[in-house]
Every structure is written in C-alpha cells, then in structure tokens.
Amino acid sequence: MAAAMRLVVTGRHGQLATALAERAAGKGITLIACGRPELALEHPASIAPALSALTPDIIVNAAAWTAVDRAESEPERAHAINAAGAGTVATTAAMLGVPVIQISTDYVFDGSATTPYRESDPVAPLGVYGQSKLAGEQAVMAATGDHAILRTSWVFSATGQNFVRTMLRLAETRSGISVVADQIGRPTPADDLAEAVLGVAANLLSRRGEPALRGIFHVGGTGDAVSWAGFAEAIFAERVRRGAGAVSVRPIGAADYPTPARRPAWSVLDGARLKETHGIILPDWRIGLARCMDRLMTTEQAP
Ligand SMILES: NC(=O)c1ccc[n+]([C@@H]2O[C@H](COP(=O)([O-])OP(=O)(O)OC[C@H]3O[C@@H](n4cnc5c(N)ncnc54)[C@H](OP(=O)(O)O)[C@@H]3O)[C@@H](O)[C@H]2O)c1
C-alpha cells in the first residue's frame, strides 16, 4: 500500500509511534523515531535541528502531553508541548519542504452533539488538554498548507498507558469494577491508526498538488459506539474468552468519578471525509481489541 518513504515520527515510546514502527516494517518505509532528549517539544530550539538532521520525506507529530488531568494544573507546559511545539514541528516541515501529519483529538469538542462529529463541526474544548491540542491544530495550519491533521479518539494498544491495560491491571485484584457509563465514544486500536497514518502519508507524498487531501480528518475506530463501561465489558469478555475469571462492570455517572479535567460526554467521530478523500476506513475496533488482548494476555502469562 504505502510507497517507499523516509518518515520521521516524534515521540519514541508512545502508543502510536510504537505501532508505526511495527506497521512500517516490510513496507519499504524507513521509519525513524525522534524523541527526548534530542527533540523536546517544550524546547523550540531543539526541534528544527533534530528533525532536519534526519532528512525526512514526511514528518508525523505523534508526540504530545497526553496526561489529560495533569494538564489542568500545568497549562503552560501543556500548551508549550501541544501547541507551540506542534507549531514548530510544522514550521520545520515547511522549511524542509515536506508534508506534516499532526495527530489531534476528539477532546477539541465539548461532547454536546448527538450524532458523529464532522470535521466542520464547531470546536469548544472542555479542558486544558483539548485547548492545547486545538491551539496545536491552529499553529500547524498557520505554519504550512501541506498538512493533514488527524483527530482520533480513545487510543489503545498492548504498550503504553491506556484504558485496556488499566482494566486488565484492576482485574488482577477485583471481581467488580465501577466504570463511567455516560461518556460515549469509539475506541481506536493504535495499530489501525498507524496503518491509516501510513496511508495518508503515502497519499500526501504521491499526490502533492491535491488540496482535498490536506486539512482536518477524523480517524477513529469503526463499529458500535460504546461508553467506557461498555468498553470495559468488551475487554472483560475477551479476557474470559482467554480463560480468565469474570469481572463485573458497575455503570456509574461521570459525576460519581470526579476528575480534574472534564471530558466530553459524546466523542464519536465521523470518518466519512477520510474515506471519501484518502480512501481509508478503519476496521471495527472490536477486531483490534481481540488482537491487542491476544498480545497482552500472552505476554502477561509468560514467565
Ligand atoms: N491516547 C489517546 O487516547 C489519544 C486520544 C486522542 C488523541 N490522541 C493523540 O494521539 C497522539 C499519540 O498519542 P499516544 O497515545 O501515542 O501518546 P502517548 O502514548 O502518551 O505518547 C506520547 C509521546 O509523546 C512524547 N512526549 C511527551 N512529551 C514530550 C516532549 N515534551 N517532547 C517530546 N516528546 C514528548 C512521549 O515521549 P517518551 O517516548 O519520551 O515518553 C511519548 O512518546 C497524541 O498527539 C495524542 O494527543 C491520543
């Protein structure tokens, strides 16, 4: 699918950067991960030298401050990394004459919708993380027209910090877990997201003059929308299928589980634009969940 390219991704150990490295293998893509300390997004002077030295054909900015709750108490740092840092990555891409793919989030929306969000829907982030990521989108758009901004949601993988791994950890010591049931979204397997990023990258490089391939796109898992409680039930069902004991999920309201950051009640993204322009549609998230559980439970049972 993807053509030969030299793709530089920011962030070394992130979920998406890790999945990109795995998915690029065998496709003729040279993938180079670039991260701290050489490239630290809150230190603008580090960015252009680190990226330029790697002579990319295309840059994917997957690095970000993703600690949604901590961002509330450290807004300046979140903005430095997610907004100013993203802008400097895009400015560097423009300077090098290469496209940039910026990864963004469903948290740019306030969650008051009742139908899947289109790219043109009004943004109104509820917290610092969403505000900083939105400012990052705007900084990228100001820096270069040769960009694709990919908003995704509820990312999980067999590595890193995510909801699937948290649920499995809790299941080790509990037979019942209370989970928020009034926030609805669609989970996104990081490896499916990585495939989509590689597809978009190939299109941006092979069809340089096409404005329709540039701009904002929603890139989330497909299949049914679920609450966090529904996602947890799916995880525990997969766990039982692999021989572990049952864990019950007690649905609770977000108000019963207060967190520093407010989160959107509705996070479902509409992927129609990605399909129509880039010809990319992600698989059902439940297929990716089964694949992730195979990896996690095999790993966890290993001596
Ligand atoms: N996770 C989700 O549910 C979710 C949902 C929607 C959108 N997104 C977006 O998707 C993208 C990828 O997310 P992810 O889940 O892969 O994130 P992740 O696993 O939290 O990884 C974040 C990456 O950013 C790097 N990073 C953090 N601060 C940095 C800094 N100051 N300078 C340089 N690198 C820094 C980390 O570096 P180290 O490798 O050194 O730790 C790590 O590689 C992000 O843009 C995120 O905002 C994520």
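Residues numbered from 1 in each chain as written. Predicted model: local features only at pLDDT ≥ 70, side-chain atom pairs only at ≥ 80, totals over all residues. Heavy atoms only, no water.

Visitor: Mind laying out the packing of aromatic side chains, listing which residues take part and the relevant values?
Guide: The tally for this structure, following the rule as stated, stands at nine aromatic pairs. The interplanar angle of 20° and the centroid separation of 5.1 Å between the aromatic rings of Phe163 and Phe231 together place this pair among those described as stacked. With Phe163 in helix α6 (residues 163-171) and Phe231 in helix α8 (residues 228-241), the pair connects residues that are 68 residues apart, well separated along the chain. Here the two residues Phe163 and Phe231 agree in accessibility, since each one is buried. (Phe/Tyr/Trp six-rings, centres within 6.5 Å; stacked < 30°, edge-to-face > 60°. Helix = DSSP H or I, 4+ residues; strand = E, 2+ residues; numbered from the N terminus. Buried < 20%, exposed > 50% of the residue type's maximum accessible area, 1.4 Å probe, protein only.)

Visitor: Please set out the nonpolar core residue by residue, giving values where relevant.
Guide: Counting 31 residues, the largest nonpolar core has Leu7, Ile101 and Leu150 as the members making the most contacts within it. Every element with two or more residues in this core is listed here: β1 (5-10), α1 (15-24), β3 (58-61), β4 (100-105), β5 (147-152) and α7 (190-206). Ranked by the residues each element gives to this core, the list is headed by α7, at 10 residues. If we skip the residues at most four places from it in the chain, Ile101 touches Ile58, Ile59, Val60, Asn61, Ala148, Leu150, Val197, Val200, Ala201 and Leu204. Ranked by size, the runner-up nonpolar core spans 30 residues in total, among them Ala158, Ala244, Val249 and Met297. (Core = buried A, V, L, I, M, F, W, Y, C linked by side-chain atoms within 4.5 Å. Contact = heavy atoms within 4.5 Å.)

Visitor: Please give an account of the site of the ligand that cites residues and values.
Guide: Taken together, 25 residues lie near the ligand, and Leu41, Glu42, Thr66, Tyr129 and Lys133 sit nearest. Gly14 has a polar backbone atom sitting 3.0 Å from an oxygen atom of the ligand. Notes on the ligand: free accessible area 900 Å², of which the protein chains cover 84%. Across the shell around the ligand, the residue classes tally to 12 nonpolar, eight polar and five charged. (Near = heavy atom within 4 Å. Polar contact = N/O pair within 3.5 Å; in protein donor to acceptor, adjacent residues only side chain to side chain. Areas by Shrake-Rupley, 256 points an atom, 1.4 Å probe, with all protein chains shown as cover. Nonpolar A, V, L, I, M, F, W, Y, C, P; charged D, E, K, R; others polar.)

Visitor: For unusual backbone geometry, give the residues involved together with the corresponding values.
Guide: Here the bond from Arg36 into Pro37 is cis, since omega is 5°, no more than 30 degrees from zero. Along the chain, the position of Pro37 falls in the loop between β2 (29-34) and α2 (44-52). Phi is positive for Thr55, close to 40°, though the residue is something other than glycine. Considering the arrangement of structural elements, one finds Thr55 in the loop between α2 and β3. Of note, the phi angle at Trp154 is positive, near 50°, even though the residue is not glycine.

Visitor: Which residues make up the environment of Ile281, and what values do they have?
Guide: Examined against the element boundaries, Ile281 turns out to sit in the loop between α9 (272-278) and α10 (285-301). Overall, Ile281 belongs to the exposed group, its relative accessible area being 58%. Along the chain, Ile281 and Gly221 lie 60 residues apart, while their C-alpha atoms are 8.5 Å from each other. Ignoring anything within four residues of it in the chain, the contact list for Ile281 reads Thr222 and Lys275.

Visitor: Residues and numbers for the pairing of β5, please.
Guide: The buried fraction of β5 is high, at six of six residues. Sheet topology places β4 next to β5; six bridges connect them, and they run parallel. Note that in β5 the partner of Thr105 across the bridge is Thr152. Remark: the β4/helix α5 (residues 128-143)/β5 crossover connection has right-handed handedness. Sheet topology places β5 next to strand β10 (residues 215-218); four bridges connect them, and they run parallel. In the strand pairing of β10, Arg151 is matched with His218. (Pairing = 2+ DSSP bridges. Right-handed = clockwise from strand over helix to strand, strands pointing away.)

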